[in-house]
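# Structural features, examined
Listed here are the chains, written in short residue letters.
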Amino acid sequence: MTVSAGKTALSGIRVVEFAVFAAGPVVGKHLGEHGAEVIRVESHAWPDGFRVHYPPFKDTQPGLERGGSYALFNDQVLNVTLDLKRPKAISLAKQLVSKADIVIENFAHGVLERLGLAYPQLRELKPDLIMLSSCNQGQTGRRAAQRGFGSQLTSMSGFTHLCGYGKHEPPVLLYGPYVDFVAVGFGLIGVLAALDYRRRTGEGQHIDLSQYEAGIQFITPVVLDAQVNGRVHQPQGNRDPVAVPHGIYRCKGDDQWCAIAIFSDEEWRTFCNAAEKRDWDGYPRFATASSRKANEDELDAAIADWTSHFEARPIMERLQSAGIRAGVVQSVPDLFSCPQLAHRKQWVKLPHPEFGFYEHEAPPFLLSETPAQLRRSSALLGEHNEYVFQQILGLSPEEMKQLAAEGVIA
C-alpha cells in the first residue's frame with residue numbers, strides 16, 4: 001500500500017492518533033496532507049462523535065460513514081479499530097506507538113494514563129516519541145480532568161462575552177469557530193517544533209496544549225486593554241472602537257450585504273468620492289472620526305440607504321478599486337464559485353464510498369517545494385486494519401481473525 005507519493009514535507013513520519021472530534025484529528029489531517037502516515041484508532045463500540053451525532057449527514061440519513069463533519073475533518077488519514085478496554089488491544093496500540101514518531105490525543109487528563117497509554121508509559125517504548133495532548137484545560141491544575149466541548153470553552157475563553165449587540169442584550173454563541181479549532185493551529189506548530197527539536201537533539205517531548213488557553217490568545221487586545229487600562233470591552237455588534245463607519249450594510253436583492261470599514265478621515269473622504277456622496281464629507285457631524293462616532297446611528301442609516309440601491313458585488317468592487325476595505329457577505333455556495341479560491345485550487349474533488357465525489361478543502365498555505373497532496377477522502381471505520389496490523393505490526397491473517405473474534409480488533 002502506498003500512503004504518500006511524490007515530494008512531501010513530512011514523508012516518512014508516522015502518526016498514531018487516539019483522538020475525537022476536532023482538536024486532535026484536524027492536526028492529524030494537516031500532517032497527512034503533507035505526507036505523514038496518520039493512523040486513526042477508533043472502535044465500533046466508541047466511534048467518533050462526528051460519525052454518529054453531528055449533521056450534516058448524507059441525504060439527511062445518519063450512519064457511521066455518512067457524517068459530513070467527520071468526512072471533512074478526517075481526510076488523508078488511515079483508520080483502524082481497537083477496543084481499548086481490552087488488554088490485548090492496549091498491547092497492539094503500544095506496538096503501533098513503538099513504530100511511530102508522533103502520538104496525538106485529546107482526552108481529558110487521566111484517561112490515557114488509566115489505559116497505560118500516557119506519555120511517561122509510551123516514552124518507555126519509544127524514547128524519542130513526540131506526543132501532543134490537546135485536552136480542554138491542559139494536563140495540570142484543578143480542572144485538568146474536566147470534560148468539555150468547544151462551545152463551552154469558547155464561552156470560558158471570553159469570546160461569547162464579546163459577541164452580541166450590546167451589554168443589555170444576551171451574548172451570542174459563535175457558530176463553528178470554537179476554540180478547539182483555534183487549538184489546531186497551535187497543536188500543529190507545537191508538533192513541527194518538536195520534530196525540529198528531535199532532529200537536532202534526538203530527543204522527543206510531550207506537548208501539553210490547553211484549548212482553553214489557546215482561545216485566550218485570540219482576544220489578546222481586549223485582555224491587554226483590561227489589564228493596562230482597566231477597560232472592559234462590551235459587545236458592540238458589527239461596530240469597531242476605532243473604525244467608523246464599520247458595519248455590514250444591506251444591498252439590493254434578497255439577503256445581499258456588503259461589509260465596509262473606514263479607519264481614517266482620509267479614507268472617509270475617499271469613500272465619499274467613490275460613493276458619489278461628496279456632500280457627506282461636508283456634514284459637520286460626519287467630518288471627523290469622533291463626530292462620526294458620536295452620530296454613528298445616523299451614519300449607518302445613511303450608508304444603508306445608499307447601499308440598498310446597488311447589488312453587493314458592484315459596491316465591493318467600486319470601493320475596493322478606490323482603496324476602501326469592503327467585501328461582500330458570501331454564502332457557503334458562493335465559496336464554491338469564488339474565482340480566487342478556484343485559482344488557488346482550494347477545492348479538491350475526491351471520491352468517498354458513501355458521498356461519491358465531493359469537494360475537500362486544501363490547506364490555506366502553499367509550500368513551493370513540497371506542496372500538500374490530497375490523496376484520499378476520510379476512511380471507513382477499520383478500513384486499514386489489514387494493512388496496519390499485518391504489514392506494520394506483522395500479525396498473520398489467522399491472528400487477526402482470532403483477535404477480531406475476541407473483540408480486540410473491533
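Overview of the structure.

### Details of the overall build of the chain
Scanning the chain for helices and strands turns up 20 helices and 11 strands. Counting only C-alpha atoms and orienting by the principal axes, one finds that the chain spans roughly 85 × 45 × 45 Å. Relative to its 410 residues, the chain shows a buried fraction of 47%. Sequence separation of 24 or more characterises 67% of the internal contacts of the chain that already satisfy a separation of 6 or more. Total accessible area computed for the chain in this model is approximately 20,600 Å², and 54% of it derives from carbon and sulfur atoms. Here the chain holds 41 positive side-chain charges and 47 negative ones, and the gap between their average locations is 2 Å.

### A word on the packing of aromatic side chains
Across all of its chains, the model carries 17 aromatic pairs by this definition. Judged by centre distance (5.6 Å) and plane angle (25 degrees), the rings of W268 and F271 are stacked. Placement of both W268 and F271 in helix 12 (residues 265-274) is noted, with a separation of 3 residues, approximately one turn of the helix. For the pair shown, W268 and F271 are each scored as buried. Between Y283 and F286, the ring centres sit 5.7 Å apart and the planes meet at 45 degrees, which makes this aromatic pair tilted. By relative accessible area, Y283 is classed as partly exposed at 27%.

### What to know about the state of the cysteines
Cysteine pairs can be linked by a disulfide, which is a covalent bond between their two sulfur atoms. Counted according to the given criterion, the structure contains 0 disulfides. For C251, which is in no disulfide, the shortest distance to another cysteine sulfur is to C258 and amounts to 5.3 Å. Taking relative accessible area as the criterion, C258 reaches 0% and is therefore assigned buried.

### Things to note about the sheet that holds strand 8 (residues 257-261)
Ordered in space as 7-8-9, the 3 strands form an open sheet in which the pairing is antiparallel. Whereas interior strands pair on both sides, the edge strands pair on one side only; in this sheet they are strand 7 (246-250) and strand 9 (325-328). Strand after strand, the sheet turns through a mean of 20 degrees between neighbouring axes, direction not considered. Here 5 bridges tie strand 7 to strand 8, and the two strands are oriented antiparallel to one another. Pairing of Y249 across the sheet is with C258, part of strand 8. Taken strand by strand, helix 16 (residues 312-321) contacts strand 8 and strand 9, and its axis lies near 160 degrees from that of strand 9.

### Describing the packing of helix 1 (residues 25-33) against helix 9 (residues 179-201)
Across the interface, helix 1 lies against helix 9 with an axial gap of 9 Å and an inter-helix angle of 55 degrees. As judged from the angle between their axes, helix 1 and helix 9 are oblique. Helix 1 and helix 9 meet at a crossing whose hand is right-handed. Residues V26, V27, H30 and L31 of helix 1 lie in contact with helix 9, whose contacting residues are V184, G187, L188, V191 and L192. Each residue belonging to the contact of helix 1 with helix 9 can be placed in one class, and the counts come to 7 nonpolar, 2 polar and no charged.

### Remarks on the pattern of salt bridges
Per the stated rule, a full pass over the model turns up 26 salt bridges. In this structure, D59 and R66 form a salt bridge, with 3.5 Å as the shortest nitrogen-oxygen distance. Judged by its relative accessible area of 51%, D59 falls in the exposed class. A salt bridge links R292 to D265, with the shortest nitrogen-to-oxygen separation between them at 3.0 Å. Within this pair, whereas R292 is found in helix 14 (residues 289-294), its partner D265 is found in helix 12, the two being separated by 27 residues in sequence. Taken together, the salt bridges that share partners define one network made up of R239, K293, E296, D297 and D300.

Cut-offs used in this document
- Residues numbered from 1 in each chain as written.
- Predicted model: local features only at pLDDT ≥ 70, side-chain atom pairs only at ≥ 80, totals over all residues.
- Heavy atoms only, no water.
- Helix = DSSP H or I, 4+ residues; strand = E, 2+ residues; numbered from the N terminus.
- Buried < 20%, exposed > 50% of the residue type's maximum accessible area, 1.4 Å probe, protein only.
- Contact = heavy atoms within 4.5 Å.
- Areas by Shrake-Rupley, 256 points an atom, 1.4 Å probe, with all protein chains shown as cover.
- Lys, Arg positive; Asp, Glu negative; His and termini not counted.
- Charge placed at Lys NZ, Arg CZ, Asp CG, Glu CD.
- Phe/Tyr/Trp six-rings, centres within 6.5 Å; stacked < 30°, edge-to-face > 60°.
- Disulfide = S-S within 2.5 Å.
- Pairing = 2+ DSSP bridges.
- Axes fitted to C-alpha atoms, helices over the stretch in contact; angles between N-to-C directions.
- Parallel < 35°, antiparallel > 145°, perpendicular 65-115°, else oblique.
- Left-handed = near helix turned anticlockwise from the far one by under 90°.
- Nonpolar A, V, L, I, M, F, W, Y, C, P; charged D, E, K, R; others polar.
- Salt bridge = Lys/Arg side-chain N within 4 Å of Asp/Glu carboxyl O.

By themselves these figures say nothing about function.
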